[in-house]
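Each chain is listed here by its residues.
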Amino acid sequence: MADGEAGRIAANRGQNPSRESGKTPSIGLVLGGGGARGLAHLVMLEVFDELGIKPKIIAGTSIGAIFGAAYAAGLSARDIRAHTEETLTNRFELLRDLFAARVQGAGRFWNLFSERHAILTPEALLDLVFPEGVPRSFDELAIPLHIVASDFYALEPAVFSSGPLRPAVAASMALPVIFEPVLMSGRSYVDGGLTNPLPFDLMAGQVDVVVAIDVSGSPVPSPSRLRPTAIEALFSSSFLFERSIVREKLKSHQPDIYIDAGTGRFQALEFWKVREILAAAEPAKAQLRAKLQRVLGSERLAEIAPPEKHAALAPPDGAKERMRRLLARAKSDGDRQT
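Because the structure is predicted, anything quoted here is derived from the model rather than measured.

What follows concerns the overall build of the protein chain. Along the protein chain, the regular secondary structure elements total 11 helices and eight strands. Within the protein chain, the proportion of its 338 residues that are buried is 46%. Once local pairs closer than 6 in sequence are excluded, the contacts in the protein chain between residues at least 24 apart make up 77%. As displayed, the protein chain offers around 18,000 Å² of accessible surface, 56% of which is attributable to carbon and sulfur atoms.

Our focus in this paragraph is the pairing of strand β7 (residues 209-214). Of all six residues making up β7, six are buried, and the element is well covered by its neighbours. Burial along β7 is two-sided: V209, V211 and I213 and V210, A212 and D214, pointing in opposite directions, are all buried. Here strand β1 (residues 27-31) runs beside β7; their pairing, made up of five bridges, is parallel. Across the sheet, residue L29 finds its bridge partner in β7, namely V211. Examined bridge by bridge, β7 and strand β8 (residues 257-260) share four bridges and lie parallel to one another. Looking at β8, one finds that V211 is bridged to I257.

Bringing the confidence of the model for the protein chain into the picture now. Looking at the protein chain as a whole, its pLDDT mean stands at 78, while 68% of the residues score no less than 70. Confidence over residues 103-115 falls short of pLDDT 50; this stretch has 18 contacts with residues more than four positions distant or in other chains. A low-confidence stretch, residues 300-320 (pLDDT under 50), is modelled with five contacts involving residues beyond four sequence positions or located in other chains.

Below, the discussion takes up the packing of aromatic side chains. This structure, assessed with the given rule, holds two aromatic pairs. Aromatic pair F152 and Y153: ring centres 5.0 Å apart, planes at 90 degrees, arrangement edge-to-face. Accessibility expressed as a relative area gives 43% for F152, which makes it partly exposed. Taken together, a centroid distance of 5.3 Å and an interplanar angle of 80 degrees make the contact between F160 and Y189 edge-to-face. Highlighted residues: F160 in strand β4 (residues 156-160) and Y189 in strand β6 (residues 187-191), separated in sequence by 29 residues. Judged on exposure class, the residue F160 and its partner Y189 are both buried.

Criteria and thresholds
- Residues numbered from 1 in each chain as written.
- Predicted model: local features only at pLDDT ≥ 70, side-chain atom pairs only at ≥ 80, totals over all residues.
- Heavy atoms only, no water.
- Helix = DSSP H or I, 4+ residues; strand = E, 2+ residues; numbered from the N terminus.
- Buried < 20%, exposed > 50% of the residue type's maximum accessible area, 1.4 Å probe, protein only.
- Contact = heavy atoms within 4.5 Å.
- Areas by Shrake-Rupley, 256 points an atom, 1.4 Å probe, with all protein chains shown as cover.
- Pairing = 2+ DSSP bridges.
- pLDDT = per-residue confidence, 0-100.
- Phe/Tyr/Trp six-rings, centres within 6.5 Å; stacked < 30°, edge-to-face > 60°.

Have a look at this one:
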């Protein structure tokens, strides 16, 4: 573990006085937003299962909210990954289901001046991508969960941690133009990535170690043209904002363990490249495993080490002076014998 990471972890421990001595450190897991790049979260969740540890709290934005909710429900990373791969690799069936989920009266997509809200309803999409076993309420989750959406008219992030689960996840993933905004309690919510794409700040003071998985990215230029198409510019602009927000946040404060998933070269809507994205995230998975093992290993060493290793060996009062006299006498006797 780098010295900077060790310092940040120590600082977090100091902010969390509820932590009991001799216990494995509590971990807060943050899953960022980034469209299809966020499929990398699947292999990151596998690390937790393989090491046999569970986060104390999970926070997620956009696609991070989807996988965060599934994992917080108690599903294994392996099952979530299998369901996701099966759903996304059956492309023709998925496309049929997506068009069935279109907003009523949406009209032709290319008519950019119509009064429709979007192409798809996020709630209907969730019915397709959520594995079985994800509950309807935050209260039924096995792990506490914070979901970030954006209040469209208030121009600020909104955090959901109680009440109905699916509307909150739908709001968090409601990327404008593609998904219809989600109405809750008279307010209109859109994609959480527009205001807080990597919400590690929500973990402050709640856990010992904050692990943040960054899947934000930037548009990749095409070798055949210098300018982006109108559709590319439209759909990628929000992800430019997300990348900028993450960079600015990291300048002022960093999580204890920060992992760049390494999937930035993929476009936000390239979900059909699920296997390529998962393969590209394997090096980051290895990095996460190594960092978590260092954290857990150092904790376990600290647990078995005596608290005052040298104090227990210190001689009683007066012993140092008696020892000095004995050594001086032995030296004097040795000098006479020679």
